Amino acid sequence: MTQPGTIPEDAVVEVETDGYVGRITLDRPASMNTFSTDLATDLDAALRAHEADDSVRAIVIDGAGDAFSAGIDLTEHAEYEDGDGYEEWVARMEEPFATIAGMETPVIAAAHGHAAANGLGLVAACDLAVAAHGTMFGATAPKVGLFCMGPAVPLMGAVVRKRCLELLLTGELIDADTAHEWGLINEVAPAGEHVEAAMEYAETIASKSPTAIQRGKRAYYEMEAMGYADALEYSNEQFAGLCTTADAEAGIEAFLNGDPLDADKWPDT
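Remember, predicted model here, so these are calculated numbers, not experimental data.

*Asks:* What is the right way to look at a negative patch on the surface in this model?
*Replies:* Taken together, the side chains of Glu14, Glu16, Asp18, Glu193, Glu196, Glu200 and Glu203 make up a negatively charged region of the molecular surface. Of all the elements in the fold, those that place two or more residues in the negative patch are strand 1 (13-18) and helix 7 (194-206). One can find Asp18 in strand 1. Judged by its relative accessible area of 46%, Asp18 falls in the partly exposed class.

*Asks:* Looking at this structure, how should I read the state of the cysteines?
*Replies:* Any covalent bond linking the sulfur atoms of two cysteines counts as a disulfide. Applying the stated criterion to the full structure yields 0 disulfides. Cys126 takes part in no disulfide bond, and the closest cysteine sulfur, belonging to Cys148, lies 16 Å away. No disulfide involves Cys164; its sulfur sits 10 Å from the nearest other cysteine sulfur, which is in Cys148.

*Asks:* Even after reading the chapter, I still don't get the packing of helix 1 (residues 37-52) against helix 2 (residues 83-102), so can you show me in this structure?
*Replies:* Any two packed helices are characterised by the angle at which their axes cross and by the distance between the axes. The geometry of helix 1 relative to helix 2 is characterised by a closest axis approach of 9 Å and an angle of 20° between their N-to-C directions. Classed by the angle they form, the pair helix 1 and helix 2 counts as roughly parallel. The handedness of the crossing between helix 1 and helix 2 is left-handed. Of helix 2, the residues touching helix 1 (which contributes Thr37, Ala40, Thr41, Leu43, Asp44, Leu47 and Arg48) are Trp89, Arg92, Met93, Glu95, Pro96, Thr99 and Ile100. Looking at the contact of helix 1 with helix 2 residue by residue, the classes come out as 7 nonpolar, 3 polar and 4 charged.

*Asks:* For this particular structure, what's the right way to read a nonpolar patch on the surface?
*Replies:* On the surface, Phe147, Met149, Leu165 and Leu169 cluster together to form a nonpolar patch covering roughly 410 Å² of accessible area. Relative to the helices and strands, Met149 resides in helix 4 (residues 149-158).

*Asks:* Just to check I follow, could you spell out unusual backbone geometry for this structure?
*Replies:* For residues that are not glycine, phi is negative in most cases, and the peptide bond is trans in most cases. Positive phi values are uncommon outside glycine, yet Asn33 reaches one of about 55°. Residue placement: Asn33 occurs in the loop between strand 2 (21-26) and helix 1. Residue class for Asn33 comes out buried when judged on its relative accessible area of 0%. Unusually for a residue other than glycine, Ala117 sits at a positive phi of about 50°. By the element assignment, Ala117 lies in the loop between strand 5 (114-116) and helix 3 (118-125).

*Asks:* I'm lost on the packing of aromatic side chains in this one. Help?
*Replies:* Each pair of aromatic rings is reported with the distance of its centres and the angle of its planes. Under the counting rule described, the total for this entry stands at 4 aromatic pairs. Between the aromatic rings of Tyr220 and Tyr221, the centroid separation amounts to 5.5 Å while the plane-to-plane angle is 85°, which identifies the pairing as edge-to-face. Judged by relative accessible area, Tyr220 falls into the partly exposed class, the value being 47%. Of the aromatic side chains, those joined through ring pairs into one cluster are Tyr80, Tyr86 and Trp89.

*Asks:* Is there a simple way to explain the environment of Arg215 in this structure?
*Replies:* Its place among the elements puts Arg215 in helix 8 (residues 210-224). What makes Arg215 partly exposed here is its relative accessible area of 29%. Filtering out sequence-adjacent residues up to four positions away, Arg215 remains in contact with Gly241, Leu242 and Thr245. One polar contact links the side chain of Arg215 to the main-chain carbonyl oxygen of Gly241, over a distance of 3.5 Å.

*Asks:* Help me out: how do you make sense of the sheet that holds strand 9 (residues 187-189) in this one?
*Replies:* Two pairing modes exist for strands in a sheet, parallel and antiparallel, and in both the strands are linked by backbone hydrogen bonds. Overall, mixed pairing links the 6 strands, which are arranged 1-2-3-4-6-9 in an open sheet. Bordering the open sheet on either side are strand 1 and strand 9, each of which pairs with just one other strand. When strand polarity is set aside, the average angle formed by the axes of neighbouring strands in this sheet is 20°. As paired elements, strand 1 and strand 2 share 6 bridges and run antiparallel to each other. Pairing of Glu16 across the sheet is with Arg23, part of strand 2. Docked against the sheet, helix 7 engages strand 1, strand 2, strand 3 (58-63), strand 4 (107-111), strand 6 (128-132) and strand 9, running at close to 165° with respect to strand 4.

*Asks:* Quick question: what am I supposed to make of the side chain of Asp42 here?
*Replies:* Tracing the sequence through the fold places Asp42 in helix 1. An unpaired buried charge is present at Asp42: no salt bridge exists, and Arg92, the closest side chain of opposite charge, is 8.5 Å distant. Those residues in contact with Asp42, other than ones at most four positions away along the chain, are Pro8, Ala11, Val12 and Val13.

*Asks:* Looking at this model, I keep getting lost on the nonpolar core. Mind explaining?
*Replies:* Side chains of a nonpolar character, in soluble globular proteins, are inclined to be buried together. Within the largest apolar cluster, 53 residues are counted, with the highest numbers of intra-cluster contacts made by Ile61, Leu122, Val123, Phe137 and Leu184. Looking at this core element by element, the count peaks at 7 residues for helix 1. Excluding residues within four positions of it along the chain, Ile61 makes contact with Ile24, Leu26, Leu43, Leu47, Phe68, Ile100, Val107, Ile108, Ala109, Ala110, Leu122 and Cys126. Counting residues in each nonpolar core, the second largest holds 13 residues, with Ile108, Ala110, Val130 and Ala198 among its members.

Each value, and the rule that gives it
- Residues numbered from 1 in each chain as written.
- Predicted model: local features only at pLDDT ≥ 70, side-chain atom pairs only at ≥ 80, totals over all residues.
- Heavy atoms only, no water.
- Patch = residues over 30% accessible without salt bridge, like charges linked within 9 Å, V, L, I, M, F, W, Y side chains within 5 Å.
- Areas by Shrake-Rupley, 256 points an atom, 1.4 Å probe, with all protein chains shown as cover.
- Salt bridge = Lys/Arg side-chain N within 4 Å of Asp/Glu carboxyl O.
- Lys, Arg positive; Asp, Glu negative; His and termini not counted.
- Charge placed at Lys NZ, Arg CZ, Asp CG, Glu CD.
- Helix = DSSP H or I, 4+ residues; strand = E, 2+ residues; numbered from the N terminus.
- Buried < 20%, exposed > 50% of the residue type's maximum accessible area, 1.4 Å probe, protein only.
- Disulfide = S-S within 2.5 Å.
- Axes fitted to C-alpha atoms, helices over the stretch in contact; angles between N-to-C directions.
- Parallel < 35°, antiparallel > 145°, perpendicular 65-115°, else oblique.
- Left-handed = near helix turned anticlockwise from the far one by under 90°.
- Contact = heavy atoms within 4.5 Å.
- Nonpolar A, V, L, I, M, F, W, Y, C, P; charged D, E, K, R; others polar.
- Phe/Tyr/Trp six-rings, centres within 6.5 Å; stacked < 30°, edge-to-face > 60°.
- Polar contact = N/O pair within 3.5 Å; in protein donor to acceptor, adjacent residues only side chain to side chain.
- Pairing = 2+ DSSP bridges.
- Core = buried A, V, L, I, M, F, W, Y, C linked by side-chain atoms within 4.5 Å.

Quick look at the structure:
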């Protein structure tokens, strides 16, 4: 179970586990789950709590109410007076993006309604993403005199440059089918079934070797920033390390015997 004491009782996220899958629900429905300082802080704490829980092998993030997340809570803008204050504020908003990239546990977004600005960034930052039919996505900050600079960072790795800049420069919304075509999301689910679809991805991941998935995700993000030759050399080192693990020994033996391991039979379970 998620470690007690790491998430405040009045948190604006709901956190639970279902088998090997952790779930985090953004819970500011009256504000369309916009990123307040509290939501960003609580989301980051929930991600870290699930990451520290050895029983959690995949995480699903969804939103309560009518939207996944409509961006940053602009009512907080008036609380700051200078660049240093705004930089500290926005750094808190974007911290979950960095946390997801640094985690070994895969994270899957389950979006519906709207995923705009920081909501778009969260979808892009997640390792996989599902959206309900009818979901709208956009880097809408230019409409209020801002720019989605933080969300642009994960978005650069999720879609090709021209599509990334189209979202960032126009500030216009695209629908779920377009987001799927552009590579921003993995699947468009029927309306109301987005969480179920994301859970299916999570359960599929959770059925595989925990050691392989965790080391593999970490290696992917390391290799992404490397040159081709360096990435190949690093991948060889990481693969060799995996070959020495109990998961590899048990998984290969079971496969060769015609009885592949299921979620409950991995040595680290």
